[in-house]
Structure formats: structure tokens, C-alpha cells
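# Descriptive structure summary
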Amino acid sequence: DVADIGVTGMAVMGSNLARNFARNGFKVAIHNRSVGKTEKVMNEHGSDGEFYPSESMADFVASLQKPRVAIIMVKAGKPTDAVIDELASLMDEGDIIVDAGNALFTDTRRREAALREKGLHFVGAGVSGGEEGALNGPSIMPGGTKESYQRLGPMFEKISAHVDGEPCCTHVGADGAGHFVKMVHNGIEYADMQVISEAYDMMSKALGMSAPEIGEVFAEWNKGDLESFLIEITAEVLAHTDADSGLPYVDVILDRAAQKGTGAWTVQTALDLGVPVTGIAEATFARFVSGSVPQREAARAVLPAEADAPEIADREQFIDDLQKALYAAKLVSYSQGFDEIAKGADEYGWDINLGDMARIWRGGCIIRARFLNRITEAYERTPDLALLLADEYFTTEIAKCIPAWRRVVAYAATAGYPVPVFASTLSYYDAVRAERLPAALVQAQRDFFGAHTYQRVDAEGTYHVEWSEDRRQTRQDSDQQ
Ligand code: NDP
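These figures come from a predicted structure and were not determined experimentally.

Assigned secondary structure in the chain consists of 19 helices and 12 strands. Its C-alpha atoms give the chain a radius of gyration of 26 Å, within 12% of the compact-globule value 23 Å for 481 residues. Once the C-alpha set of the chain is aligned to its principal axes, its extents read approximately 75 × 75 × 45 Å. A burial count over the chain gives 51% of its 481 residues as buried. Taking the intrachain contacts of the chain between residues at least 6 apart in sequence as the baseline, contacts between residues at least 24 apart amount to 66%. A total accessible area of about 22,600 Å² is found for the chain, and carbon and sulfur atoms account for 50% of it. Averaging the locations of the 46 positively and 72 negatively charged side chains of the chain gives two centres separated by 2 Å.

Shown next as C-alpha cells:
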């Protein structure tokens, strides 16, 4: 009973996380279902710090200081449930079980409720940054009780990434809040990756630029407002050459994007909550379109383009437009993602500080970026900001991008290039700021075929028209008289 913390699951993520704790001076108990992986960690990295390896789960639990903290880093789903059950049967009241894998937040809520009954703390912690982050400093989003965070916080904050001396870790909120926020983080990541690839596609198709040339543009963009991990790695990827063919590496990769499901979770959850995350949704669907091989083949054979790519007179201007369109589309995607977090917090009773979420994403995670500071500042200015985009910084920034953004979307439509996130975020932008929307007509249609009622612009109450009779308007609500 000496270890400060334990990690079970010694595949790549768990072993790297355990090594990170050890390198930061913590005594780390380690365990894996099959003992080989634990031995490998000891043989290859035992010198990283103080490890306490165990072959059995019982010995693993016994090696932990009380109140015990055991982190689970195994395959998501049933394996996680199995490990939770095993751990729970061995632990005592007040002990803490952390699931640091990619669990769906509703699973985390279920597990938390079950373990609470047994007097155990269950913490779903979102961990972002991949293998490298787990080892050198991830962004960590722990949910669970405040009490559990008092024990976990100092350790997690120490091993997390740091930006400007601040840890990229904070207590997100109760039960599944951490995994919820991690889910939305991944959704935003999908949108970010897609807008970057749309800009790349336009440079490639409209300007005929080579991958390395486009890479140089991204490297340049990475010095400005767009500075971020994803732009940086994009520049690196585009500069890379395939050793066998001598071709740009990106050109030898099959154009079918895969996914592990967190983008889809974000969209499904947004649908349940009624939040229009159009950028994230289109980015997720864009991956499905790319992977719909029979449909693409059928379409390629017969669907006419009827497109006319206009001559681009000023290439510099076109590239500058793309940069601005990318920034604007990105701002909208983030704003929508933060809306989803706010709505989720309302729905599930989580006290989430939105500015803090942007703060802990500044380092360690995949969407790490300079501009996240701006989001934190916006929520500091106005904690109950109804719409991130409506913050004064963002309105000023987006104003500088609008003409360019419109030109890019219009060009793409004319030339026949798909830009689902550029276009859908622009439509959202124009919808959310519109004085009046065609939703009035939709309401009338609903009332016509389904007597679903509507409200009026000029009077209180709920109304219905007797469409199939004399078209008389009747008041439907309780005040009716
Ligand atoms: P895997 O998801 O590949 O899982 C392998 C580990 O799970 C092994 O330790 C394996 O043990 C264990 N395991 C599988 N089934 C069981 C079971 N029934 N009982 C006990 N243990 C079991 O490992 P990763 O390291 O890639 O990922 C771990 C978690 O982290 C996952 O939830 C994943 O989604 C998440 N992840 C997160 C990333 C991030 O950036 N945050 C990146 C990658 C993953 P054994 O060796 O005995 O087979």
C-alpha cells in the first residue's frame, strides 16, 4: 500500500500515462490483464521512475495507498465494464476508480451511479493528446465528484500539459461531464480537420498547387491567427514525400476517411439536445461520403458536373480568402461546440465553466491552438454569453473574414468543389444572425397538415387555422376565451 496511483491496462495509452506519472515523481502501481505487457513496461521503461507491478488485480489494489486511485486504460465498452467490476469488488468506500478511456458519457453516468451506491467514486476522465500526449502531457478533462478531484487534481494537473504555467486540466463537472466535454472536443477536432482539408482541396483543384506548395501556405498560416497543432501537422504532412513512389505522401493515400465514432457521438448527442452543430455534423458526414465507395463509383459514372471554374486572376487574393474562410468556419464550429457543452451542462446539471474548457485545450490535446485564449477571454468578459460568436472579439474577427468566406463558398459552388463545412457554417452564420427566417412558413405547413399550432408576431398565445374548413383562426392555449 505504497503507490500514489495505479494504472491498469498497459497498452500504448496506459503505459505512457503510467510512465508520465512515474517521471513526475509519483509511485505508480501498474497492471495488465496479460502479464507480458506489464513486464515489457518494466523491462523497457522501468528506469522512468518508481513502478509497482502486479500480476493480479488483487495485488494491484493492495499496492495502492488509501484512499486508492486506480486508473483504467483498457479497450472501451465491455472490457471497461469488466475491469470496473473487478476493481470495485476489491476496493473500499472512498476509493476512486478513474476511466481514462474514450467512454460515451452516458455509460460514464451509468457507471458513476452504480459505483456511488457502493460508496466508491467513479471518475470519467477525458484524456486527449494521443500516445505522445499521454507520455509528455495530455489535456485532461475529469468528471466525477469534487471530493474525488481533491485527491486526483494535484496529480493530474502535474502530469498534464502546461501553457503559460497553467495546467491543461481542471475539474469539469459531476459524473459524465468530463467524457462529455472530451466528446465535444473530438467533434470540434473533426470540423477543424475538415475545414483544413477543404482549404487544401481548393488550393489543389482551383489553383493547381502541389502538396508541398500547399504545405508552405499552411506553414505560413501557422504563424498567424490559425496557429495550431492541426495546421502545423498539416504543413508537415504536405511536405512529406513517399519514399517508394517519390510522390507527395498525401497523393498516395486512399481518399477514404475512417473514424472511431466520437464525431458521430457528438452529432447524435447534439441532435438529442437540439443543438445545431452543423460544422461538426458536416465534417462527420464528409468522412462517411468519402467512405461510401459504391455510391461514389455510381455517382462518378453518371452525375454531370455542369460546373464552370472561373479564371482566378489574383492567386494571392484567393489564398488569402481561403485563410479567412478557414478562420471563420473554424470560429463557427467552435461556437457550435461550446453551445453543445452549455446545453449538455443545462440538461445534466453540470456546473461547467466554459472559459476553463478552452483554457485546458490550449495544450496537450489535438485541437490545441493559440486562439483558444480568445474563447477563455470571451467567457471571462461575459460568463453567460448566449453565443460565443457574439462576443466582441469574435464579431470583429469574423467581420474581417465575411467577404472572403462568401467568395470562397460561391467559387466552390460555381466550380463544383465540395466544401461542406465552409458552406454549412456560412449558412448557419447567416441563419443565426437573420432578422427573420423562413421558419414561419414551416410553422404554417405544420399547422396545415398536422394542426401543430403556431404563435403570432403581433399577439400572445398559440393559434391554429381550420385549414380544411373555413380557415378561421382559433386560439389554442389555456388563456383561450
Ligand atoms: P486498446 O484500446 O487497444 O486496449 C488494449 C488494452 O485493453 C490492453 O491492455 C488489453 O489487455 C486491455 N483489455 C482488452 N480487453 C480486456 C478485458 N476484457 N479485460 C481487461 N483488459 C482488457 O488500448 P489503447 O492504449 O490504444 O487505448 C486505451 C483506451 O484509451 C481506450 O479506451 C481508447 O479508446 C483510449 N484511447 C485514447 C486516445 C486518446 O488520445 N485519448 C488514443 C488512443 C486510445 P491485454 O493486453 O491483456 O489484451
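A few words now on the UniProt feature "binding site: substrate" (unreviewed entry) in the chain. When the UniProt feature table is mapped to this numbering, "binding site: substrate" (unreviewed entry) covers Asn102, Ser128, Gly129, Gly130, His185, Asn186, Tyr190, Lys260, Arg287, Arg446 and His452. The named residues occupy 351 residues along the chain; their greatest pairwise C-alpha distance, 48.2 Å, places them well apart from one another. The topology assignment puts Ser128 in strand β6 (residues 121–128). Relative to the elements of secondary structure, Arg287 occurs in helix α12 (residues 278–291). Not counting residues within four places of it along the chain, the set of residues in contact with Arg287 comprises Tyr190, Met193, Ala257, Ala258 and Gln259.

For the rest of this paragraph, the subject is the sheet that holds strand β11 (residues 462–465). Within the open sheet, the 3 strands sit side by side as β10-β11-β12. Their pairing is antiparallel. Pairing within the sheet leaves two strands with one partner each, and these edge strands are β10 (454–455) and β12 (473–475). In this sheet, β11 lies alongside β10 in antiparallel orientation, the contact comprising 2 bridges. Bridging from a neighbouring strand, Gln455 pairs with Thr462 of β11.

Once that is clear, we can look at the site of the ligand. Neighbouring the ligand are 21 residues; Met13, Asn32, Ser34, Lys37 and Val127 lie closest to it. One of the side-chain nitrogen or oxygen atoms of Lys37 is found 2.6 Å away from an oxygen atom of the ligand. In the environment of the ligand, an oxygen atom lies 3.2 Å from a nitrogen or oxygen atom belonging to the backbone of Lys75. When the free accessible area of the ligand is taken as 900 Å², the share hidden by the protein chains comes to 78%. Only α1 (12–23) and α4 (78–90) provide two or more residues apiece to the shell around the ligand. Taken together, the residues that form the shell around the ligand break down as 10 nonpolar, 7 polar and 4 charged.

Together, Val237, Leu247, Tyr249, Val252 and Ile253 make up a nonpolar patch on the protein surface, roughly 390 Å² of accessible area in all. Take Ile253: its relative accessible area is 45%, and that puts it in the partly exposed class.

Thresholds applied
- Residues numbered from 1 in each chain as written.
- Predicted model: local features only at pLDDT ≥ 70, side-chain atom pairs only at ≥ 80, totals over all residues.
- Heavy atoms only, no water.
- Helix = DSSP H or I, 4+ residues; strand = E, 2+ residues; numbered from the N terminus.
- Rg over C-alpha atoms; globule rule 2.2 N^0.38 Å.
- Buried < 20%, exposed > 50% of the residue type's maximum accessible area, 1.4 Å probe, protein only.
- Contact = heavy atoms within 4.5 Å.
- Areas by Shrake-Rupley, 256 points an atom, 1.4 Å probe, with all protein chains shown as cover.
- Lys, Arg positive; Asp, Glu negative; His and termini not counted.
- Charge placed at Lys NZ, Arg CZ, Asp CG, Glu CD.
- UniProt positions renumbered as here; feature names shortened; annotations may be inferred.
- Pairing = 2+ DSSP bridges.
- Near = heavy atom within 4 Å.
- Polar contact = N/O pair within 3.5 Å; in protein donor to acceptor, adjacent residues only side chain to side chain.
- Nonpolar A, V, L, I, M, F, W, Y, C, P; charged D, E, K, R; others polar.
- Patch = residues over 30% accessible without salt bridge, like charges linked within 9 Å, V, L, I, M, F, W, Y side chains within 5 Å.
- Salt bridge = Lys/Arg side-chain N within 4 Å of Asp/Glu carboxyl O.

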